[in-house]
Amino acid sequence: MATSKNQYALAGDIGGTNIRAALVDSEGRITGRGSIDTLPERGIDDASERLARLLKAARATAPSGAVIAGVGVSTAGPIRPATGTYNHPPNLPGWNGKTMKPSLSESMGVPVWVGHDATLAALAETRFGDHVGAENLIYVTISTGVGGGIIANSEMVTGASGGAGEVGHLPIRTGAYGCNVGCDGCFEGNASGPAIARIARDMFTGKGPLAELCGGDPANITSRMVFDAADSGDPVAQQVVDLTIDNVSIGLAALINVFNPEALVIGGGVVQGLQRHWEKLQKTVVEKALPGYGDTTPLTATRLGDDVSLLGAAQLAFREARRI
Ligand SMILES: [Zn+2]
């Protein structure tokens with residue numbers, strides 16, 4: 001491996017709410033962290049300047065003799081990774097058709113590489129997670145939405161215009177619930193946090209642990225309450241959890257069948273609930289996958305936590321710097 005002890009990457013992470021930056025060493029140790037509000041309405045140039053300030057502050061914490069490979073930026077998308085150009089990003093209004101890559105590169109004086117956050121999360125798992133060296137790995141985040149990143153044959157799968165990996169819109173249960181985009185029965189519409197809450201609201205009886213947790217008002221139901229109520233013996237909440245496990249398994253099995261990954265890693269807020277049913281989830285994925293596929297694919301919950309995007313951005317910089 002070309003990376004050495006004194007090699008570092010500067011990592012940025014742009015979300016709809018926050019921009020974060022840090023210095024990351026070749027072992028994935030993070031220092032010099034900073035965070036600011038994204039304020040996308042101020043425009044991409046303003047955000048680029050403020051991110052550069054954070055990155056410079058992070059760089060100032062590097063020890064003497066440190067070699068900076070470059071800047072990796074993980075961002076909410078959709079985005080064309082080669083140019084960093086946004087393509088109608090729902091959480092960064094006003095940034096469509098724009099990129100901060102040239103201005104950031106000029107400001108920092110080092111190369112800048114940009115990637116989609118879910119794809120870079122998958123990349124982080126192949127370097128700093130439980131599956132180091134994996135050449136085929138899929139990362140699925142199940143949270144407010146459902147997204148994914150795919151590493152196939154050691155490459156990031158980005159697609160023709162950077163939009164690959166939208167696993168949240170895989171059809172998994174036609175005729176059931178749709179998502180905000182309007183597709184029929186997709187993964188996101190049936191297994192995201194809000195989807196789990198919506199299914200529970202539609203099945204709400206007004207009795208039992210779930211009714212107590214939501215104070216009698218089904219409008220208050222969250223996916224966390226559904227998992228907690230099932231743990232307290234609520235039969236309807238248990239039905240929703242069982243359906244969720246089924247829905248998640250159908251989506252994961254489809255990915256396993258198509259990509260034959262060495263590992264599948266799940267992140268996002270819904271994982272905390274799913275982790276309490278991990279054996280059942282694994283068993284259901286095996287049942288739904290082709291014979292001989294699911295039982296050879298480890299299914300793990302990410303242990304990189306909120307740092308997964310920063311680590312993915314850093315790994316992008318380490319990896320691309322070796323290619324120039
Ligand atoms: Zn959808």
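Student: Break down the nonpolar core for me, with residues and values.
Tutor: Among the nonpolar cores identified, the biggest contains 42 residues, and V140, I142, F187, L252 and I266 are the most heavily contacted of them. When residues in this core are grouped by element, the largest group, 9 residues, is from helix α8 (residues 235-259). One finds I30, W113, L120 and A122 within the second-largest nonpolar core, a separate group that totals 30 residues.

Student: Go over the coordination of the zinc ion, please, and point to the residues and values.
Tutor: At 2.0 to 2.4 Å from the zinc ion lie its protein donor atoms, namely H169 (ND1), C179 (SG), C183 (SG) and C186 (SG). Around the zinc ion sit 4 donor atoms, and with donor-metal-donor angles ranging over 104 to 117° the site reads as tetrahedral. The sequence pattern formed by the donor residues of the zinc ion is H-x9-C-x3-C-x2-C.

Student: Just give me the short version of the packing of aromatic side chains, but keep the residues and values in it.
Tutor: Inspection of every chain in the model, using the stated rule, returns 1 aromatic pair. With centroids separated by 5.4 Å and ring planes inclined at 75°, the aromatic side chains of Y86 and W95 adopt a geometry described as edge-to-face.

Student: Explain the sheet that holds strand β8 (residues 137-142) to me, using residue names and the numbers behind them.
Tutor: The sheet built from 5 strands is open, its strands ordered β10-β9-β8-β11-β12 with mixed pairing. Of all the strands in the sheet, the pair left with one neighbour each is β10 (155-156) and β12 (299-301). The sheet contact formed by β8 and strand β9 (residues 146-152) spans 6 bridges and is antiparallel. From the neighbouring strand, T141 faces β9, where its bridge partner is G147. Contacts from α8 reach β8, β9, β11 (263-267) and β12 within the one sheet, and its direction differs from that of β8 by about 160°.

Student: Give a detailed account of helix α10 (residues 278-288), specifying residues and quantitative values.
Tutor: Within the span of α10, buried status applies to W278, L281, T284 and V285. The buried residues of α10 occupy an angular sector of 125° when the element is viewed end-on, so they sit on one face. Among the exposed residues of α10, those oriented more than 90 degrees off its buried face are E279, K283 and E287. Packed against the buried residues of α10 are α8, β11, α9 (271-274) and β12.

Student: So, the sheet that holds strand β1 (residues 7-14): which residues are in play, and what are the values?
Tutor: Strand order across the open sheet formed by 5 strands is β3-β2-β1-β4-β7, with mixed pairing between neighbours. Where the open sheet ends on each side, the last strands, each with one partner, are β3 (30-37) and β7 (112-116). If you compare each strand with its neighbour and ignore which way they point, the axes differ by 20° on average. The sheet contact formed by β1 and strand β2 (residues 18-25) spans 7 bridges and is antiparallel. By the bridge assignment for β2, L10 is matched with L23. In the packing of helix α1 (residues 44-59) onto the sheet, the strands contacted are β1, β2, β3 and β4 (67-75), and the crossing angle to β2 comes to about 30°. Most of the contacts of helix α11 (residues 308-323) go to β1, to which it runs at about 130°, and overall it touches β1, β2, β3, β4 and β7.

Student: For α11, give the residues involved together with the corresponding values.
Tutor: Taking 1.5 Å of rise per residue, 16 residues should cover 22 Å, and α11 covers 23 Å from first to last C-alpha, within 8% of that figure. In terms of burial, α11 is a largely internal element, 14 of the 16 residues being buried.

Rules used in this analysis
Residues numbered from 1 in each chain as written. Predicted model: local features only at pLDDT ≥ 70, side-chain atom pairs only at ≥ 80, totals over all residues. Heavy atoms only, no water. Core = buried A, V, L, I, M, F, W, Y, C linked by side-chain atoms within 4.5 Å. Buried < 20%, exposed > 50% of the residue type's maximum accessible area, 1.4 Å probe, protein only. Helix = DSSP H or I, 4+ residues; strand = E, 2+ residues; numbered from the N terminus. Donors = N, O, S within 2.8 Å, 3.2 Å for Na, K, Ca; no water. Tetrahedral: all angles 85-135°; square planar, octahedral: opposite > 155°, others 65-115°. Phe/Tyr/Trp six-rings, centres within 6.5 Å; stacked < 30°, edge-to-face > 60°. Pairing = 2+ DSSP bridges. Contact = heavy atoms within 4.5 Å. Axes fitted to C-alpha atoms, helices over the stretch in contact; angles between N-to-C directions. Arc of directions from axis to C-beta. Expected span 1.5 Å × (residues − 1).

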